[in-house]
Structure formats: C-alpha cells, structure tokens
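# Chains, contacts and geometry: an overview
The primary structure of each chain is shown beneath.
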Amino acid sequence: MTGAWIEQQIRAGIERGEFEHLPGKGKPLDGIEPGTEVHRDEDWWLKAKLRRERLSYLPPTLAVRKELEEAREAIALASREDAVRRIVADINQRIRDVNRRGADGPPSTVMPLDEDAVVAQWHAQRGR
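Keep in mind that what you see is a predicted model, and the values were worked out from it rather than measured.

### What about the environment of Ile-75?
- Position of Ile-75 relative to the elements: it lies in helix α3 (residues 60–77).
- We classify Ile-75 as buried; its relative accessible area is 8%.
- The spacing of Ile-75 and Arg-85 is 10 residues in sequence and 8.7 Å in space, taken between C-alpha atoms.
- Other than its neighbours up to four places away in sequence, Ile-75 contacts Val-84, Ile-87, Val-88, Val-118 and Trp-122.

Right under this line is the structure:
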C-alpha cells in the first residue's frame, strides 16, 4: 500500500461523510493538552490502550520469568503430586520454547526445572 492510496481512501471517506459523527470529534486527544507540544514515542497510543484495557506486554524472556514465579506459587498451593508435575511440565515447555527461539528482549537466563527435585521439595514442605 502506498501513501497516495491511503490518502485517497481518507479523502473518499471524508466526501462520503464517514468521519462526521465520530465519538470525540472536536475534542483533544487524551493526555495531550491543547497548545502544548508533547514529545511521545511512536507507540504512545498503544501503551495507553493497554493501560486502559488493563493488559500488559512483556518481552517473552521477561514474561517467562513472571510465569515461572506464578508456577512456583501454584506448586506451593497444589494439593496433589500429579498437579505439581503438570505445572512443572507446562512451565518447562514454556521455558524451552523461549530459550529455543532467542526471543526479543533481554537474554533468557531461566532454565527448566528439575521435576523430581521440585516434587521432592513439595513433599518436604508438606511434611511427607
């Protein structure tokens, strides 16, 4: 797509009146004061939408660290060994996927968990 084609589509939409009754017409954009020059990064609108929708984005190498913390919390709360093993298998698969891909963001320093060691620790914490 070229810029000329896009401009032509916008002009045609204006001629058809498609922009006449949009919500927010004539109002300033959220977070931008009229008459002030604001320097924002090019993804400011995306970040604002993510905040409004209560979503987040972390690079995969950071997300897997967070997922590992959540997996450890779930393991501590698990009531059965098979649940612990399933949690470990799931997080290990996610860790292997991230480590294999060499994803964007900081390098991954997370290694898969030793399933038997995690299960033994889980039993020990439960007093078995």
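### Overview of a nonpolar patch on the surface
- On the surface, a cluster of nonpolar side chains totalling about 540 Å² of accessible area is made up of Trp-5, Ile-6, Ile-10, Ile-14, Phe-19 and Leu-22.
- Along the chain, Phe-19 turns up in the loop between α1 (3–16) and α2 (44–52).
- Its relative accessible area of 38% is what places Phe-19 among the partly exposed residues.

### Quick notes on the pattern of salt bridges
- Counted according to the given criterion, the structure contains 10 salt bridges.
- Taking the shortest distance from any N to any O, the salt bridge between Arg-94 and Glu-67 comes out at 2.8 Å. Of this pair, Arg-94 sits in helix α4 (residues 81–101) while Glu-67 sits in helix α3; the two residues are 27 residues apart in sequence, bridging distant segments of the chain.
- Of the residues examined, Glu-67 reaches a relative accessible area of 26% and is grouped as partly exposed.
- Salt-bridge contacts for Arg-85 lead to Asp-116; the nearest nitrogen and oxygen are separated by 3.3 Å. In this pair, Arg-85 is assigned in helix α4 and Asp-116 in helix α5 (residues 115–126), connecting sequence segments 31 residues apart.

### Here's the deal with the packing of α3 against α4
- At a minimum axis separation of 10 Å, α3 and α4 run at an interaxial angle of 170 degrees. Comparing the axis directions of α3 and α4 gives the class roughly antiparallel. The residues of α4 that touch α3, namely those facing Pro-60, Thr-61, Ala-63, Val-64, Glu-67, Leu-68, Ala-71, Ala-74 and Ile-75, are Val-84, Ile-87, Val-88, Ile-91, Arg-94, Ile-95 and Val-98.
- Taken together, the residues of the contact of α3 with α4 break down into 13 nonpolar, 1 polar and 2 charged.

### A short note on the packing of α4 against α5
- Their axes nearest at 10 Å, the elements α4 and α5 cross at an angle of 140 degrees. Compared by their axis directions, α4 and α5 come out oblique. Considering how the two elements wind past one another, α4 and α5 form a crossing that is right-handed. Here Glu-81, Val-84, Arg-85 and Val-88 of α4 lie close against α5, whose contacting residues are Glu-115, Asp-116, Val-118, Val-119, Trp-122 and His-123.
- Tallied by class, the residues present in the contact of α4 with α5 amount to 5 nonpolar, 1 polar and 4 charged.

The rules we used
Along each chain, residue indices are assigned from 1 in the same order as the chain's sequence is written. Residues qualify for local features only when their pLDDT is at least 70, as the model is predicted, and side-chain atom pairs are given and counted only at 80 or more; totals for whole chains, interfaces and linings, by contrast, use all residues. With hydrogens and water stripped out, all remaining heavy atoms of the structure feed into the side-chain values. Only DSSP runs of H or I with at least four residues qualify as helices, and only runs of E with at least two residues qualify as strands; both kinds are numbered from the N terminus onward. For the exposure calls, accessible area comes from a 1.4 Å probe over protein chains only, and a residue counts as buried if that area is under 20% of its type's maximum, exposed if over 50%, partly exposed in between. Residue contacts follow a heavy-atom distance rule, with two residues in contact if any of their heavy atoms lie within 4.5 Å. Patch rule: a residue counts if its relative accessible area is over 30% and it has no salt bridge; like charges are joined within 9 Å, and nonpolar side chains (Val, Leu, Ile, Met, Phe, Trp, Tyr) within 5 Å. Only the protein chains shown count as cover for residues, and the accessible areas themselves come from Shrake-Rupley with a 1.4 Å probe. When a carboxyl oxygen of Asp or Glu lies within 4 Å of a side-chain nitrogen of Lys or Arg, that pair is called a salt bridge. Where helices are involved, their axes are fitted lines through C-alpha atoms of the stretch in contact, as for all axes, and angles between N-to-C directions lie from 0 to 180°. Each angle gets one of four labels, with under 35 degrees taken as roughly parallel, over 145 as roughly antiparallel, 65 to 115 as roughly perpendicular, and the rest as oblique. Each residue is assigned to one class: nonpolar for Ala, Val, Leu, Ile, Met, Phe, Trp, Tyr, Cys and Pro, charged for Asp, Glu, Lys and Arg, and polar for all the others, Gly among them. Definitions for this section: a left-handed crossing has its near helix turned counterclockwise from the far helix by less than a right angle. A right-handed crossing has that turn clockwise.

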